[in-house]
Amino acid sequence: METESEPYVRLATLRQLHQVVAELNTARSLADTLQTVVDGIVRGLGYELACVNLVRPDGDLVVAAFAGDPAAEALITGRVGSRAAWERRLTMGEEWDGLRFIPHTEGWVLLEDDVPQWHTDGPDPRFEDEWHPEDRLYAPMYATGGELLGVISVDRPRNGRRPGAWGREALQMYAFQAAIAISNARLRANMQRALVRLEREQQALRASEESFRQAFEYAPSGMAIAEMGGDQHGRLLRTNDALCRLLGRPASVLRRYSFSDLVHPEDIGTLLRTSAEGGRAELRLGRRDGTYVWVSLRNSVVADAADGPRFLLTHVEDIEERKRHELQLAHRASHDSLTGLPNSAELRARLGARLCRRPQSVRAGAVEALDAAFEGRAEGAVAGAGEHGYDGFPAVGAGGAPTAAEGFDFPADFPADFPAGFPGQPEGPYDHHVHTVAPASDVDDGTKGLAVLFCDLDGFKSINDRFGHHTGDAVLIEVARRLTTGVRDGDTVARLGGDEFVVLADGLGAADAADLAVRLRNAIIPPIRVDGRAVRVGASFGIGWASCGMSADEVLRSADQRMYIEKRSRSKAHRRAG
């Protein structure tokens, strides 16, 4: 390239080196930078051929740029050499202050490896420092952390000689600057890719936000976004038009509320039990006009960002029609389709709700009661008992009831159905149950109970046979109306089937029940007009009494038997007259 005795040549080479290094920093892309590197070697450092072998992500090296020979460039550009073959090359030959020179006398062993290479034929060197066509000179490029970025390979110095100390230093300096330029180009490329990716993500986010906004705003069912956590937990932040229409309130007004402000008082527990993530609930929300609408709430949690605040997204579906249909189905299942009165199943359910297995009353003395409760295990326990009795049983006072002995605990197997009211008695299934009792006889002794009036129409069959079922149905409907009108609010009038009706009236004494039966019979007697024709029916009533210890069927059977006794006690003509 030059001789060491010509300082002006060094200066010229330094100027060329400065110029090509400056050009390294003008390239924009990584590909442009790599090509600038090899072009600078050919133009400024005095070599006819140069290429850059760049390390790929998998560690192998690819010929990324070539300069000096278009035919060689077309042949080897893009070809890959293994990392192991390159590491072998970088440990062979002579080390020239960071460069690696492999003379032709050693390089012949590399002719068969997988590193892409190009050689031109030529005569053997005539003197010691003459360049041989199979000589190899490599300038490794390292990143700041010592990572191998690639290897510059040069060939055929223009002066035909191996580079001297100055030429080697120039190539080494150029390789160092080229490594910096390649690192910067990679950084710029990564930044550009990151910017492009970020822009795409932002575009996707904007598109997603727009899609969510449109889906939220134009959803056919109600949707709301509420705060999650903090003092304002549950406060509505955003509502769509469908929810505003459903509740009859504008969005600006709804933002003052939370769902707990709008929910029906009876449904507040349901709302509070509904989990935030995936929670579902069916409850009633208040409208602006004061009415309530049945809705289905479905919750999900959304985050504003990876670590940003979390919000509650609630889907609100109007289920008023479905609930109305369910109530209609439930009403049909529990009510008579003709009269609209509770049917037999509903009557038994209401009656059974007032009854329990415990007998009406326990009149036995304390000893007998304890004997019955403990199946005879208390025998002898009371006699001679002290303050606490014997064998863990309670002491019995003079009045026949166990005393409230301080610190006494009843046995774990104390019967749950033992009569309530004994001090220290463990809780049983009837502790919160109001026991139903019956008067001792038909004579009013002041006892109030649940009266069961069994009504059977007299003469109804003849009306059905004579005038048809249409007239009979009309008579049943009118009788149902008259019975309902004649009882108090809270009393139950039910149709058992056919021409049989039952009235449940609580809080009546014996005389009250008898008076009620008379009033209802008198209400039924007046003629009933159907299609311009007046027909009459009578009614027989039997009064039974519900009492704990009885089943609903036993109560109804008792009232039915009393009705037949009352019916047989009156003549047929008198029954028709009421």
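This text goes with the structure placed above it.
Residues numbered from 1 in each chain as written. Predicted model: local features only at pLDDT ≥ 70, side-chain atom pairs only at ≥ 80, totals over all residues. Heavy atoms only, no water.

## Regarding helix α14 (residues 460-467)
The line we're drawing: Burial classification: accessible surface area is computed with a 1.4 Å probe over protein chains only, and a residue below 20% of its type maximum counts as buried, one above 50% as exposed, and the rest as partly exposed. A run of DSSP states H or I qualifies as a helix once it reaches four residues; a run of E qualifies as a strand once it reaches two. Both are numbered from the N-terminal end. This arc is built from the directions going out from the helix axis to the C-beta atoms.
Taken together, the buried positions of α14 are F460, I463 and N464. Down the axis of α14, the smallest arc covering the buried residues is 100 degrees, so these residues share one side. Exposed residues pointing more than 90 degrees away from the buried face of α14 are listed as K461, D465 and R466. Positive backbone phi, approximately 100 degrees, marks G468, located one or two places after α14.

## Topic: the side chain of T33
Formally: Any two residues whose heavy atoms approach within 4.5 Å at even a single point are treated as in contact.
Counting through the fold element by element, T33 comes out in helix α2 (residues 30-44). Its relative accessible area of 0% is what places T33 among the buried residues. Apart from residues lying up to four places away in sequence, T33 is in contact with L24, A27, A181, I182, A185 and R188.

## A few points about the nonpolar core
Heads up, the rule is: What we call a nonpolar core is a set of buried Ala, Val, Leu, Ile, Met, Phe, Trp, Tyr and Cys residues that are connected through their side-chain atoms within 4.5 Å.
With 35 residues, the main nonpolar core has I41, L137, M141, I152 and Y174 as its most contacted residues. Counting residues per element, this core draws most heavily on helix α6 (residues 165-217), at 8 residues. Residues contacting I152, with those up to four places away along its chain left out, are V37, I41, C51, V52, L137, Y138, A139, M141, A175 and A178. In this structure, C455, L483, V487 and V503 belong to the second largest nonpolar core, which totals 33 residues.

## What to know about the packing of aromatic side chains
Defined as follows: Within 6.5 Å between ring centres, the rings of Phe, Tyr and Trp (the latter by its six-membered ring) count as paired, and their orientation is classed by plane angle as stacked under 30 degrees, edge-to-face over 60, tilted in between.
Applying the stated criterion across every chain, the model contains 4 aromatic pairs. Measuring from ring centre to ring centre gives 5.3 Å for W86 and Y138, while their planes differ by 75 degrees; the resulting arrangement is edge-to-face. Note that W86 is positioned in helix α4 (residues 83-89) and Y138 in strand β6 (residues 136-142), a separation of 52 residues in sequence. Accessibility classification places W86 together with Y138 in one group, the buried group. On the numbers, 4.5 Å between centres and 10 degrees between planes, the contact of W96 with F101 is stacked.

## Quick notes on the sheet that holds strand β9 (residues 236-239)
Here is the rule we go by: Should DSSP find at least two bridges between two strands, the strands are regarded as paired. Note on definitions: angles span 0 to 180 degrees between N-to-C directions of axes, and those axes are lines fitted to C-alpha atoms, for helices only across the stretch in contact.
If you trace the 5 strands from one edge of the open sheet to the other, you get β9-β8-β12-β11-β10, paired in antiparallel fashion. Of all strands in the sheet, those bounded by a partner on one side alone are β9 and β10 (280-286). This sheet shows a mean twist of 35 degrees between the axes of neighbouring strands, independent of strand direction. Judged from the 6 bridges that link them, strand β8 (residues 222-227) and strand β12 (residues 310-318) form a sheet pairing that is antiparallel. Bridging from a neighbouring strand, M223 pairs with H315 of β12. The strands touched by α6 within the sheet are β8, β9 and β12, with β8 carrying the most contacts at an inclination of about 120 degrees. Helix α11 (residues 320-334) rests against β10, β11 (292-303) and β12 of the sheet, and its axis sits at about 130 degrees to β11.

## Notes on the sheet that holds β6
Spatially, the 7 strands line up as an open sheet ordered β3-β2-β1-β7-β6-β5-β4, and their pairing is antiparallel. Since the sheet does not close on itself, it has two edges, and those belong to β3 (80-81) and β4 (94-96), each with one partner. Bridge count between β6 and strand β7 (residues 148-157): 6 bridges; the pairing is antiparallel. The partner of P140 across the bridge, within β7, is V151. Of the strands in this sheet, β1 (47-55), β4, β5 (99-102), β6 and β7 touch α6, which is tilted by about 40 degrees from β6.

## Some remarks on the pairing of β8
Across the 6 residues of β8, 5 count as buried, placing the element largely inside the fold. Two strands pair when backbone bridges link them, and β8 and β9 are joined in this way by 3 bridges, in the antiparallel orientation. By the bridge assignment, I225 is partnered in β9 with R238.

## So, empty space enclosed by the protein
In plain terms, the rule: Every definition here rests on a 1 Å grid over the protein atoms only: cavities are sets of points where a 1.4 Å probe fits but cannot get out, pockets are open sets enclosed by protein on both sides within 12 Å along at least five of seven lines, and lining residues have some atom within 4 Å of a point. Grid points are joined across faces, edges and corners, and a volume is the space filled by probe spheres set on the points.
Within this structure, the stated rule accounts for 2 cavities of 30 Å³ or more. When its volume is computed, the largest cavity comes out at roughly 240 Å³. If you trace the largest cavity, you find 20 residues lining it, with C51, Q117, W118, S153 and D155 closest to the centre. Only β1, α4, β6 and β7 provide two or more residues apiece to the lining of the largest cavity. Sort the elements by how many residues they give to the lining of the largest cavity and β1 lands first, with 4 residues.

## Overview of unusual backbone geometry
The phi dihedral of D97 falls on the positive side, at around 50 degrees, and the residue is not glycine. Within the fold, D97 resides in the loop between β4 and β5. The backbone of D531 sits at a positive phi, close to 55 degrees, despite the residue not being glycine. The residue D531 is located in the loop between β16 (528-530) and β17 (533-535) in this model.

## Some details on the packing of helix α12 (residues 344-353) against helix α17 (residues 552-568)
What counts here: Orientation labels follow simple angle bins: below 35 degrees gives roughly parallel, above 145 gives roughly antiparallel, 65 to 115 gives roughly perpendicular, and whatever is left gives oblique. Gly falls in the polar group here, along with every residue not listed as nonpolar (Ala, Val, Leu, Ile, Met, Phe, Trp, Tyr, Cys, Pro) or charged (Asp, Glu, Lys, Arg).
The interhelical angle for the contact between α12 and α17, taken along N-to-C directions, is 110 degrees, at an axis separation of 9 Å. Considering their axes alone, α12 and α17 lie roughly perpendicular with respect to each other. When α12 is examined against α17, the residues L347, R348, L351 and G352 are found in contact with a partner set consisting of A552, D553, V555 and L556. The class makeup of the residues in the contact of α12 with α17 is 5 nonpolar, 1 polar and 2 charged.

## Some words on the environment of T492
Formally: Here a polar contact means two N or O atoms within 3.5 Å. Within protein one must be a hydrogen donor candidate and the other an acceptor candidate, and residues neighboring in sequence count only if both atoms are side-chain atoms.
As for its placement among the helices and strands, T492 is situated in strand β14 (residues 492-497). For T492, the residues in contact, after removing those within four places along its chain, are P342, R350, V502, V503 and L504. Looking at T492, its side chain comes within polar contact range of the side chain of R350, at 3.2 Å.

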